Amino acid sequence: MDAMVRELSYAQAIQEAMAIAMDMDERVFLMGEDIGVYGGAFQVTGDLVDRFGTERVIDTPISELGGAGVAVGAALTGMRPIFEFQFSDFATLAMEQIVNQAAKMRFMLGGEVSVPVVMRFPAGSGTGAAAQHSQSLEAWLGHVPGLKVIQPATPHDAKGMLLAAVADPDPVMIFEHKLLYKVKGPVPEGYYTVPIGKADIRREGRDLTIVATSIMVHKALDAAAALEAEGIDIEVIDLRTIRPMDKQTVIDSVKKTSRLMCVYEAVKTLGIGAEVSAMVAESEAFDYLDAPIVRLGGAETPIPYNPELEKAVVPQVPDIIAAARDLVKGVR
Amino acid sequence: MAGASKAVADNRANLPFVYRQYSAEQLRNVLHKMYLIRRFEEGAEESYTRGLIHGTMHLSIGQEASAMGICMPLAEDDQITSTHRGHGHCIAKGAEVKRMFAEFFGKTTGYCKGRGGSMHIADVGKGNLGANGIVGGGIPIAVGAALSAKMMKTGKVVVSFFGDGANNEGAFHEALNMAAVWKLPVIFVCENNGYGMSTSTARSTAIKNIAERAAAYSMPGVIVNGNIFSEVAEASYKAVECARAGEGPTLIESKTYRHRGHSKSDRNRYRSKEEIEDWMSNRDPITLFENELREFGFIDDKGIEAIRDAVAREIADGIEFAKASPSPDVCDTGNYVYTEQA
Ligand SMILES: Cc1ncc(C[n+]2csc(CCOP(=O)(O)OP(=O)(O)O)c2C)c(N)n1
Ligand SMILES: [Mg+2]
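Quick notes on the rules
- Residues numbered from 1 in each chain as written.
- Chains lettered and ligands numbered in written order.
- Predicted model: local features only at pLDDT ≥ 70, side-chain atom pairs only at ≥ 80, totals over all residues.
- Heavy atoms only, no water.
- Helix = DSSP H or I, 4+ residues; strand = E, 2+ residues; numbered from the N terminus.
- Rg over C-alpha atoms; globule rule 2.2 N^0.38 Å.
- Contact = heavy atoms within 4.5 Å.
- Areas by Shrake-Rupley, 256 points an atom, 1.4 Å probe, with all protein chains shown as cover.
- Lys, Arg positive; Asp, Glu negative; His and termini not counted.
- Charge placed at Lys NZ, Arg CZ, Asp CG, Glu CD.
- Donors = N, O, S within 2.8 Å, 3.2 Å for Na, K, Ca; no water.
- Buried < 20%, exposed > 50% of the residue type's maximum accessible area, 1.4 Å probe, protein only.
- Domains from an automatic or database assignment.
- Buried area = accessible area lost by both parts, 1.4 Å probe.
- Salt bridge = Lys/Arg side-chain N within 4 Å of Asp/Glu carboxyl O.
- Polar contact = N/O pair within 3.5 Å; in protein donor to acceptor, adjacent residues only side chain to side chain.
- Axes fitted to C-alpha atoms, helices over the stretch in contact; angles between N-to-C directions.
- Parallel < 35°, antiparallel > 145°, perpendicular 65-115°, else oblique.
- Left-handed = near helix turned anticlockwise from the far one by under 90°.
- Nonpolar A, V, L, I, M, F, W, Y, C, P; charged D, E, K, R; others polar.
- Pairing = 2+ DSSP bridges.
- Near = heavy atom within 4 Å.
- UniProt positions renumbered as here; feature names shortened; annotations may be inferred.
- 1 Å grid on protein atoms, 1.4 Å probe; cavity = no way out; pocket = protein on both sides within 12 Å on 5 of 7 lines; lining within 4 Å.
- Points joined across faces, edges and corners; volume = space filled by probe spheres on them.

**Considerations on the overall build of chain A**
Turning to step 1, where the next piece is worked out: Along the backbone of chain A there are 12 helices and 14 strands.
Turning to step 2, where the next piece is worked out: The C-alpha atoms of chain A give 20 Å as radius of gyration, which agrees with the globular expectation for 332 residues (20 Å, within 12%).
Turning to step 3, where the next piece is worked out: Along the first, second and third principal axes, the C-alpha atoms of chain A reach 60 × 50 × 40 Å.
Turning to step 4, where the next piece is worked out: By sequence separation, contacts in chain A at least 24 residues apart represent 82% of the contacts at least 6 residues apart.
Turning to step 5, where the next piece is worked out: Split by element, the accessible area of chain A, about 12600 Å² in all, is 55% carbon and sulfur.
Turning to step 6, where the next piece is worked out: Here chain A carries 30 positive and 45 negative side-chain charges, and the mean point of each set is 4 Å from the other.

Shown next, in the form of structure tokens:
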């Protein structure tokens, strides 16, 4: 029998995934700042502490470097920690343990160990929290061999990819856009996984491939729906995993549409768009391109506090519509 | 001023520190500023509720004596680094509330030209190097400012404000050690309000008093009742003297309490109503100071009324100023990322 499907918010889907993982495997536990009685800064852990107790839902002191390191050490020695950063920006305080330790330990010890740690990073702008609480740093971690980096865009994927991350023997970094937490969508009950390393074609089309990540998947879909009326037929790919990247899905799509645009919230230069563009340019899809590749990303600035400025520095639906129209009509 | 109390004010020898050290006018000005902090934050809170301010904010209501007491002995060009709960520090160091409101409203007339908001409120002209969105982020920066002061022989001292939660960040320990080794003119001020967000110090910190951490870095560690202005100011005065004399840093732990939730999203499930109520009605720092001033004859009811009225006008004017100020142009998103060069 098929599992019942209900509407859950993205945050509820993650919470359900963590509860299932803890029910299934007593090695799984949660660590983070204010994830217990407070329920997490974004209420993702919610009331899990009531169900699983303070031994498995652990409030850490405000010690990101130490906390992340403790999670790495526990993972190295048989446990399955899920570590929540209160904001992805605070990964900067824990870079040492993530980049030098978690990512490299298996390699440095010649395959004798593995580090099955899951880290969750509430990311992105749009909440008025200004420059130190709004960044999109996923490409930083995407640059590090040994880590897997994912960005689920829907409640369905948030649950399935978290469960895949817990089952994965290597460190998996999950970037969750804060504005997605309240977004609802269909989520099957019970255990299922969504594979890490596999992109998803959210909308099929002939004229242009948009490769988007996280919240930009939704904005790209809105733009595609708007452009349908103008006879422009857009394919939207949700990249879902930025390391290891699903190259083939993108290449096949570009061979079909002959045009490529990348849309992501992080600062435009030296980011995911650069990687996807270069990857396509290096591939057999290059010969199929009818137009220059376009990247829409965040402006070259920290995120400003003022709400109008804050909106202006990341791609919005009208920006995607305008850029996609120009690209398809050959205006560029 | 009533005759009996005037006699006390004239004979100050047995009064607590601040009443011996500062003039009546200075002390009344302290009360004025405590009210200014309180009403500023109430005004900001109300503007937030009415949708005029976006994002979030961390109110220091209940901690006014700590901010004022620490800043009391500082000179205008002495410097501070502040925290996410930094409105009180900003006002105590001399900021104008109208430019703070303007910042909260995202306007170009704000201290950070609308780019920073509550969590990055600053007043560089008055020596406030900024609030900080990163817990513990300002502590090493204060040590760096103190290193500048020493190398440039400016005679400045630097105060670093931070919360109890910050004492578990590596930055705290690394910064204190360097400040002590290099005998820098810096004062570390831990405003211990019992909780880092929802986590009590008992659950987060292995020792009872954060001031005890000072021993590990060979500096004096002082505990004060952060709700009693005179106690805080006296400890700060001594630490500032020490720092200016080249004797190195002090760690002051100012024990206090925040009346409001951590931020705008707090369900307050980690502390009891009774606890909050107790601090609000029995240990409110403004009430305590006001009572002392009255008792010692430095002010009467009319004087207090006058201060409250003046503060109310200043707050109303500040909000009007902020509303009427221009928003930044969306074409200017690239400003201030790098230093403009001719
Ligand atoms: C490095 C870092 N970790 C976590 C946070 C989220 N955060 C903001 S304030 C806060 C609590 C800080 O507690 P404390 O230092 O005691 O200051 P208080 O809020 O009590 O004034 C937390 C966890 C942050 N801003 N920066
Ligand atoms: Mg605190």
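Okay, back to it.
**Section: the coordination of the magnesium ion (ligand 2)**
Residues and elements named next belong to chain B.
Turning to step 1, where the next piece is worked out: Around the magnesium ion (ligand 2), the protein contributes the donor atoms Asp 164 (OD), Asn 193 (OD1) and Tyr 195 (O), which lie 2.1 Å from the metal centre.
Turning to step 2, where the next piece is worked out: Considered as a linear motif, the donors of the magnesium ion (ligand 2) on their single chain read D-x28-N-x1-Y.
Turning to step 3, where the next piece is worked out: Judged by relative accessible area, Asn 193 falls into the buried class, the value being 6%.

**Details of the environment of B:Ala75**
Residues and elements named next belong to chain B.
Turning to step 1, where the next piece is worked out: Following the sequence through the fold, Ala 75 ends up in the loop between α4 (64-71) and β1 (79-81).
Turning to step 2, where the next piece is worked out: Judged by relative accessible area, Ala 75 falls into the partly exposed class, the value being 31%.
Turning to step 3, where the next piece is worked out: Put simply, Ala 75 and Lys 156 are 81 residues apart on the chain and 8.2 Å apart in space, counted from C-alpha to C-alpha.
Turning to step 4, where the next piece is worked out: Beyond its immediate chain neighbours, meaning those up to four positions away, Ala 75 contacts Lys 93 and Arg 244.

**Observations regarding the domain arrangement of chain A**
Residues and elements named next belong to chain A.
Turning to step 1, where the next piece is worked out: Taken domain by domain, chain A consists of domain 1 (7-188) and domain 2 (200-325).
Turning to step 2, where the next piece is worked out: The interface of domain 1 with domain 2 comprises 29 residues on the first partner and 21 residues on the second.
Turning to step 3, where the next piece is worked out: Between domain 1 and domain 2 lies a buried interface of about 2000 Å² when both sides are counted; carbon and sulfur atoms form 56% of it.
Turning to step 4, where the next piece is worked out: Together, Ser 125, Gln 151 and Ala 153 form the three largest contributors to the area buried by domain 1 at its contact with domain 2, with a combined 24%.
Turning to step 5, where the next piece is worked out: Summed over the shared surface of domain 1 and domain 2, the result is 2 salt bridges.
Turning to step 6, where the next piece is worked out: Here Asp 157 makes a salt bridge to Arg 240, at a shortest N to O gap of 3.0 Å.
Turning to step 7, where the next piece is worked out: Viewed at the interface, domain 2 and domain 1 are joined by 13 residue pairs in polar contact (both at pLDDT 80 or more).
Turning to step 8, where the next piece is worked out: Among the secondary structure elements, those contributing two or more residues to the side of domain 1 that touches domain 2 are α6 (138-142), β6 (148-150) and α7 (155-167).

**Some words on the packing of helix α8 (residues 215-228) of chain A against helix α12 (residues 317-329) of chain A**
Residue and element names in this part refer to chain A.
Turning to step 1, where the next piece is worked out: Two numbers describe how α8 lies on α12: the axes approach to 9 Å, and their chain directions differ by 55°. Viewed along their axes, α8 and α12 adopt a mutual orientation that is oblique. The handedness of the crossing between α8 and α12 is right-handed. Of α12, the residues touching α8 (which contributes Lys 219, Ala 220, Asp 222, Ala 223, Ala 226 and Leu 227) are Val 317, Ile 320, Ile 321, Ala 324 and Arg 325.
Turning to step 2, where the next piece is worked out: The residue makeup of the contact of α8 with α12, split by class, is 8 nonpolar, no polar and 3 charged.

**Considering the sheet that holds strand β12 (residues 241-243) of chain A**
All names here are of chain A.
Turning to step 1, where the next piece is worked out: Taken together, 7 strands build an open sheet; the order of strands is β3-β2-β4-β5-β7-β6-β12 and the sheet is mixed. Looking at which strands have only one partner, the edges of the open sheet turn out to be β3 (57-59) and β12. This sheet shows a mean twist of 20° between the axes of neighbouring strands, independent of strand direction.
Turning to step 2, where the next piece is worked out: Pairing between strand β4 (residues 80-84) and strand β5 (residues 118-123): 3 bridges, direction parallel. From the neighbouring strand, Ile 82 faces β5, where its bridge partner is Val 118.

**Brief notes about the sheet that holds β1(B)**
All names here are of chain B.
Turning to step 1, where the next piece is worked out: If you walk across this open sheet you meet the 5 strands as β1-β2-β3-β7-β6, and the pairing is parallel. Strands with a single pairing partner mark the edges of an open sheet, and in this sheet they are β1 and β6 (221-225). Strand-to-strand twist in this sheet, taken as the mean axis angle between neighbours without regard to direction, amounts to 20°.
Turning to step 2, where the next piece is worked out: In this structure, strand β2 (residues 158-163) lies alongside strand β3 (residues 186-192), joined through 6 bridges in parallel fashion. Note that in β3 the partner of Phe 161 across the bridge is Val 189.

**Topic: the pairing of β4(A)**
Where a strand is regular, its side chains alternate between the two sheet faces.
All names here are of chain A.
Turning to step 1, where the next piece is worked out: Most of β4 sits inside the fold, with 5 of its 5 residues counted as buried.
Turning to step 2, where the next piece is worked out: Along β4, one buried face is formed by Arg 80, Ile 82 and Glu 84 and the opposite face, lined by Pro 81 and Phe 83, is buried too.
Turning to step 3, where the next piece is worked out: Summarising the sheet, strand β2 (residues 28-32) and β4 pair through 5 bridges and their orientation is parallel. Bridge pairing in β4 places Leu 30 opposite Ile 82.

**Description of the site of ligand 1**
Turning to step 1, where the next piece is worked out: If you check the shell around ligand 1, you find 23 residues, and the closest are A:Glu64, B:His84, B:Arg85, B:Gly133 and B:Gly165.
Turning to step 2, where the next piece is worked out: Two or more chains meet at ligand 1, and those chains are chains A and B.
Turning to step 3, where the next piece is worked out: Take A:Glu64: an N or O atom from its side chain is 2.5 Å from a nitrogen atom of ligand 1.
Turning to step 4, where the next piece is worked out: B:His84 has a polar side-chain atom sitting 2.7 Å from an oxygen atom of ligand 1.
Turning to step 5, where the next piece is worked out: Here ligand 1 loses 97% of its free accessible area of 580 Å² to cover by the protein chains.

**Description of the interface of chain B and chain A**
Turning to step 1, where the next piece is worked out: Each partner contributes to the interface: chain B provides 38 residues, whereas chain A provides 34 residues.
Turning to step 2, where the next piece is worked out: At the boundary of chain B with chain A, total buried surface from both sides reaches about 2900 Å², with 56% on carbon and sulfur atoms.
Turning to step 3, where the next piece is worked out: Here chain B is connected to chain A by 2 salt bridges.
Turning to step 4, where the next piece is worked out: The salt bridge partner of A:Asp59 is B:Arg203, with a shortest N-O separation of 2.6 Å.
Turning to step 5, where the next piece is worked out: At the boundary of chain B with chain A, the tally comes to 16 residue pairs in polar contact (both at pLDDT 80 or more).
Turning to step 6, where the next piece is worked out: Of all elements in the fold, only α6 (97-104) and α9 (201-204) of chain B reach the threshold of two or more residues within the side of chain B that touches chain A.

**As for the UniProt feature "domain: Dehydrogenase E1 component" (unreviewed entry) in chain B**
Turning to step 1, where the next piece is worked out: The positions UniProt marks with the feature "domain: Dehydrogenase E1 component" (unreviewed entry) are residues 33-330 of chain B.
Turning to step 2, where the next piece is worked out: Within residues 33-330 of chain B, the helical portion is 44% and the strand portion 10%, while the C-alpha atoms at the span's ends are 35 Å from each other.

**Comments concerning empty space enclosed by the protein**
Residue and element names in this part refer to chain A.
Turning to step 1, where the next piece is worked out: For the coordinates displayed, the defined rule picks out 5 cavities of 30 Å³ or more.
Turning to step 2, where the next piece is worked out: Approximately 80 Å³ is the volume found for the largest cavity.
Turning to step 3, where the next piece is worked out: For the lining of the largest cavity, the secondary structure elements donating two or more residues are β7 (172-177), α8 and β13 (260-267).
Turning to step 4, where the next piece is worked out: Ranked by the residues each element gives to the lining of the largest cavity, the list is headed by β13, at 3 residues.
Turning to step 5, where the next piece is worked out: Considering only residue class, the lining of the largest cavity consists of 6 nonpolar, 5 polar and 2 charged.
Turning to step 6, where the next piece is worked out: Here the lining of the largest cavity gathers at least three residues from each of two domains, domain 1 (7-188) and domain 2 (200-325).

**Some thoughts on the pattern of salt bridges**
Residues and elements named next belong to chain A.
Turning to step 1, where the next piece is worked out: Taken as a whole and judged by the stated rule, the model has 35 salt bridges over all chains.
Turning to step 2, where the next piece is worked out: The closest approach of N and O atoms between Arg 325 and Glu 230, which form a salt bridge, is 2.8 Å. Of the two residues, Arg 325 sits in helix α12 while Glu 230 sits in the loop between α8 and β11 (234-238), which places them 95 residues apart along the sequence.
Turning to step 3, where the next piece is worked out: By relative accessible area, which is 38% here, Glu 230 ends up partly exposed.
Turning to step 4, where the next piece is worked out: A single salt-bridge network, built from bridges that share partners, covers Asp 157, Asp 200, Arg 202, Asp 238 and Arg 240.

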